[in-house]
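# Descriptive structure summary
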Number of protein chains: 2
Amino acid sequence: MSVRIALLGCGVVGSAVAKRLIEHSDELTERVGDRLELVGVAVRDVSKPRPESGVPAELFTDDAEELVTRADVVVELMGGIEPARTLLLKAIEHGASVVTANKALLGEDGPSLYAAAAEANVDFSFEAAVAGAIPLIRPLRISLAGDDVHRVMGIVNGTTNFILDKMDRTGADFADVLAEAQELGYAEADPTADVEGYDARAKAAILASLAFHTRVSSAEVYCEGITAITADDIRAARKAGLVIKLLAICERVTDEEGSAAISARVHPALLPRSHPLASVREAFNAVFVETQLAGELMFYGRGAGGEPTASAVLGDLVQAARNRLVGRAGPGELAYAAFPIQTIGAAYTAYFIRLRVKDRPGVLAAVSNVFAAQGVSIESMRQNKDRTDPELASLHLVTHRAQEGALAGTVKQLQDLDEVDSVDSVMRVEGL
Amino acid sequence: MSVRIALLGCGVVGSAVAKRLIEHSDELTERVGDRLELVGVAVRDVSKPRPESGVPAELFTDDAEELVTRADVVVELMGGIEPARTLLLKAIEHGASVVTANKALLGEDGPSLYAAAAEANVDFSFEAAVAGAIPLIRPLRISLAGDDVHRVMGIVNGTTNFILDKMDRTGADFADVLAEAQELGYAEADPTADVEGYDARAKAAILASLAFHTRVSSAEVYCEGITAITADDIRAARKAGLVIKLLAICERVTDEEGSAAISARVHPALLPRSHPLASVREAFNAVFVETQLAGELMFYGRGAGGEPTASAVLGDLVQAARNRLVGRAGPGELAYAAFPIQTIGAAYTAYFIRLRVKDRPGVLAAVSNVFAAQGVSIESMRQNKDRTDPELASLHLVTHRAQEGALAGTVKQLQDLDEVDSVDSVMRVEGL
């Protein structure tokens, strides 16, 4: 008897998984305790040659619906919501375990899939869906199951980290660096999902669900991308000893009534250069996890790419196959807590604000009064001559943690202030 | 029905585990799917008050042998080889799953315990035995099961890292910093196990076993501690842009016949200051894992302490309890590979060598000739006036990777050389 494996999709990751299954068959047999037999690979166009995968031509099929009914473990690497969802539900219905790297699907509808898998007593695993090769899902689901997670904060999108890192190191503009990233294959022809933060948002939804035992969907995660970030922002951050990163942040917070709630958000944020996430370069990913007992943990590695993602998929696959052989699935998801999700207006963060003011006495007092009136406390302030207009001064402020709502009110009042020429940038600061 | 838990030992970690079991009982019930019932805590002296653990007095017992026969999961936190081994074997024989943080025992005799547990179809887990709170064992056992680990290199002993970090930052001598670490509770009254590298050696044995699917015991791991490291060594390293860390290194290597073998060793090593392990401060732990598919991964966190270690123990405990409820154990160890263990003499490393030579023409040529004759290639060399003797110069050399045997031969010939006054220090360099 062997364990029958069906692959859905044969792109960069699918090819790497297939190649490994074929070339390392004996070694995988040792690790599983039985042979992993690749019974089919579903693709859209079976006539397209895929020599890099090493898959014999007769294993390709365009009938994914049929394929999932004759496998013990279905590995879904096609991405997107449909037909992936329908196929996975069908696979589960037929008693197959599922391994997937599909963050978009899990972000949108993970909980119903987890529930279907639990009902059918099959494994549903997705280590590759967040932070590629980095073991993060299993530590959250299992290793920290006896602890309480307070916060998960990380760089979970390689494309945007590559762009921001390059902007930081060269001083170049967003558009130029994006074009370069596209040329190098770090960004797709249509970069929307990455640069608008949608990819990171789906991952934040998955992480928040696991960390807080609560169903969080992508739509419930606040999301801002990096398209508005300018070379000026980067320069100002650098001067202040800070660096801009696109962060996914999932926190357990206490709302105004003192009840537990969850804040889940994706947005660019300034970090001190001494913060461990600040030194994450190029397309690498890194995730900080803060818990009650363990304290601070960090996980670092490659968040994308064929082989790194295949590593995570294969780990899940070996585990699912071993579970099949002993006739039962591993533990499923735990969504017992059902914390409410906080709106972004209620979130507390520190801010970095750049504004241009009239260069005359009394300006600092007027500006400070606006902050004081809104209850936003200033942590530090730096004033310089404006580089273009001799009548103006540039003012860089860092606030203490304040509620988004109060900060928005402050910014509005600053804009109305006679002494203020323009509010040029408002960015969140983390890790202070 | 509940899951009956027995605790062996109630020190810092045991108290933290007991406290959590008692105070977070409802939450743990949600996570497990059933109640975890603490049925007893074995201690040497039942009359000693332990209010910090929150354990009711009637649960303490000095009859550990009896206790292990009436539990579903036995959590061993007493440490040391005996009676821990006998008690765990008895627990397994009675059908209990085991959670342990006992690296000394696992380093000495892990494989026979894993085998006994597999035979009895019970869980045997030990996330807390290496790098405390950092999820590392489960990623190696499961997440990377479809990948091939090439190398595991890390800082796995907090005490020695605290001492070396302090020496690096203050320039103080080993003895002074050790005394301070003892005062602060970072080092024990008898610091032998930490400073001689024995604790790290046991962890290296465990990591090598898991990473390479091969039985490696502590006795097979080469081990050098940090007691010989002087303030001079630290100063010279600093000047060269390097930092000294005590590293546990487990590598898959190719021996002279071209066969696969394993190198497992613990020793101080110089790292470039830009290396991620170089910035691991105080008593923190961090482990680098390099694999064929995933590339480089890093795990960082607290390697010791009551609560961090309890976090790892509780994760194992929740998992073991969930497995009990569905009536089967998780996958056991895989020791199918049986690679031979390389002796230290055959290992390849780069070296940093400090020597004092006569300050006269021709010395560099004579020294270089010795290296050339042994086939050891010099990567860089720096000559300075000696600080104490005007007739001497100090010479700092970094070699390319060379075999330990050849290097030892080189050092011996250097000592015999007329031009050489003294060879002051020979240290390995990693991460170049």
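Residues numbered from 1 in each chain as written. Chains lettered and ligands numbered in written order. Predicted model: local features only at pLDDT ≥ 70, side-chain atom pairs only at ≥ 80, totals over all residues. Heavy atoms only, no water.

Next up on the list: the overall build of chain A. Summing up its helical and strand segments, chain A has 14 helices and 17 strands in all. The globule rule puts the C-alpha radius of gyration for 432 residues at 22 Å, and the 24 Å found for chain A is close to it. With respect to the principal axes defined by its C-alpha atoms, chain A has extents near 85 × 50 × 30 Å. Here chain A, with 432 residues, has 58% of them falling under the buried criterion. Taking the contacts inside chain A whose residues are at least 6 apart along the sequence as the reference set, 73% of them involve residues at least 24 apart. Taken as a whole, chain A presents about 16,600 Å² of accessible surface, with 48% of it coming from carbon and sulfur. Computed over 42 positive and 61 negative side-chain charges, the separation of the two mean positions in chain A equals 4 Å. (Helix = DSSP H or I, 4+ residues; strand = E, 2+ residues; numbered from the N terminus. Rg over C-alpha atoms; globule rule 2.2 N^0.38 Å. Buried < 20%, exposed > 50% of the residue type's maximum accessible area, 1.4 Å probe, protein only. Contact = heavy atoms within 4.5 Å. Areas by Shrake-Rupley, 256 points an atom, 1.4 Å probe, with all protein chains shown as cover. Lys, Arg positive; Asp, Glu negative; His and termini not counted. Charge placed at Lys NZ, Arg CZ, Asp CG, Glu CD.)

A few words on the packing of aromatic side chains. Residue and element names in this part refer to chain A. Taken as a whole, this structure holds 11 aromatic pairs over all chains when the rule is applied. Taking the centre distance of 5.6 Å and the plane angle of 70° together, the rings of Tyr-114 and Phe-124 count as edge-to-face. Taken together, the positions of Tyr-114 in helix 5 (residues 103–120) and Phe-124 in strand 6 (residues 124–125) put the pair 10 residues apart, joining distant regions of the chain. For the pair Tyr-114 and Phe-124, a shared accessibility class is recorded, and that class is buried. Taken together through their ring pairs, the aromatic side chains of Tyr-114, Phe-124 and Phe-126 make up a single cluster. The lysine or arginine in question, Arg-50, covers the ring of Phe-60, its NZ or CZ lying 5.5 Å from the ring centre. (Phe/Tyr/Trp six-rings, centres within 6.5 Å; stacked < 30°, edge-to-face > 60°. Lys NZ or Arg CZ within 6 Å of the ring centre and 35° of its normal.)

So, about the domain arrangement of chain A. Taken domain by domain, chain A consists of domain 1 (3–130 + 306–325), domain 2 (137–302) and domain 3 (347–429). The centre of domain 1 of chain A, based on its C-alpha atoms, is set 52 Å off from the matching centre of domain 3 of chain A. (Domains from an automatic or database assignment.)

The next thing to look at is the relation of the copies chain B and chain A. Related by rotation about an axis and a shift along that axis, the two copies of the chain form a pair. Taken as rigid bodies, chain B and chain A are interconverted by a rotation of 180° and an axial shift of 0.0 Å, the fit giving an RMSD of 0.0 Å. Between the two chains, the operation in question is that of a two-fold axis. Ranked by how close their C-alpha atoms come to the rotation axis, the residues of chain B are headed by Phe-299 of chain B, at 2.4 Å. Interface overlap between copies: 100% of the residues of chain B at the interface are likewise at the interface in chain A, consistent with a symmetric, same-surface contact. (Least-squares fit on C-alpha atoms with pLDDT ≥ 70 in both.)

In this section: the environment of Gly-306 of chain A. Residue and element names in this part refer to chain A. Along the chain, Gly-306 turns up in helix 12 (residues 306–325). Along the backbone, Gly-306 and Ser-218 are 88 residues apart, and their C-alpha atoms lie at a distance of 25 Å. Not counting chain neighbours up to four residues away, the residues in contact with Gly-306 comprise Val-12, Val-13 and Ala-16.

So, about the pairing of strand 13 (residues 348–358) of chain A. Residue and element names in this part refer to chain A. Within strand 13, 8 of the 11 residues are buried, which leaves the element mostly enclosed by the surrounding structure. Examined bridge by bridge, strand 13 and strand 17 (residues 420–429) share 8 bridges and lie antiparallel to one another. Within strand 17, the position partnered with Tyr-351 by the bridge is Arg-428. (Pairing = 2+ DSSP bridges.)

What follows concerns helix 1 (residues 12–23) of chain B. All names here are of chain B. The end-to-end C-alpha distance of helix 1 is 17 Å, a good match for the 16 Å that 12 residues give at a rise of 1.5 Å each. Val-13, Gly-14, Ser-15, Ala-16, Val-17, Ala-18, Arg-20 and Leu-21 are the residues of helix 1 that are buried. Those residues of helix 1 that are buried lie in contact with strand 1 (3–8), helix 2 (25–32), strand 2 (36–42) and helix 12 (306–325). (Expected span 1.5 Å × (residues − 1).)

Moving on: the interface of chain B and chain A. Contacts between the two partners involve 47 residues from chain B, matched on the other side by 47 residues from chain A. One can count 4 salt bridges joining chain B with chain A. In this structure, the connection of chain B to chain A is made through 18 residue pairs in polar contact (both at pLDDT 80 or more). Put simply, the parts of the chain that give the side of chain B that touches chain A at least two residues each are helix 2, helix 6 (137–143), strand 12 (295–302) and helix 12 of chain B. Of all the elements, helix 12 of chain B adds the most residues to the side of chain B that touches chain A, at 9 residues. In the side of chain B that touches chain A, the residues fall into 21 nonpolar, 12 polar and 14 charged. (Salt bridge = Lys/Arg side-chain N within 4 Å of Asp/Glu carboxyl O. Polar contact = N/O pair within 3.5 Å; in protein donor to acceptor, adjacent residues only side chain to side chain. Nonpolar A, V, L, I, M, F, W, Y, C, P; charged D, E, K, R; others polar.)

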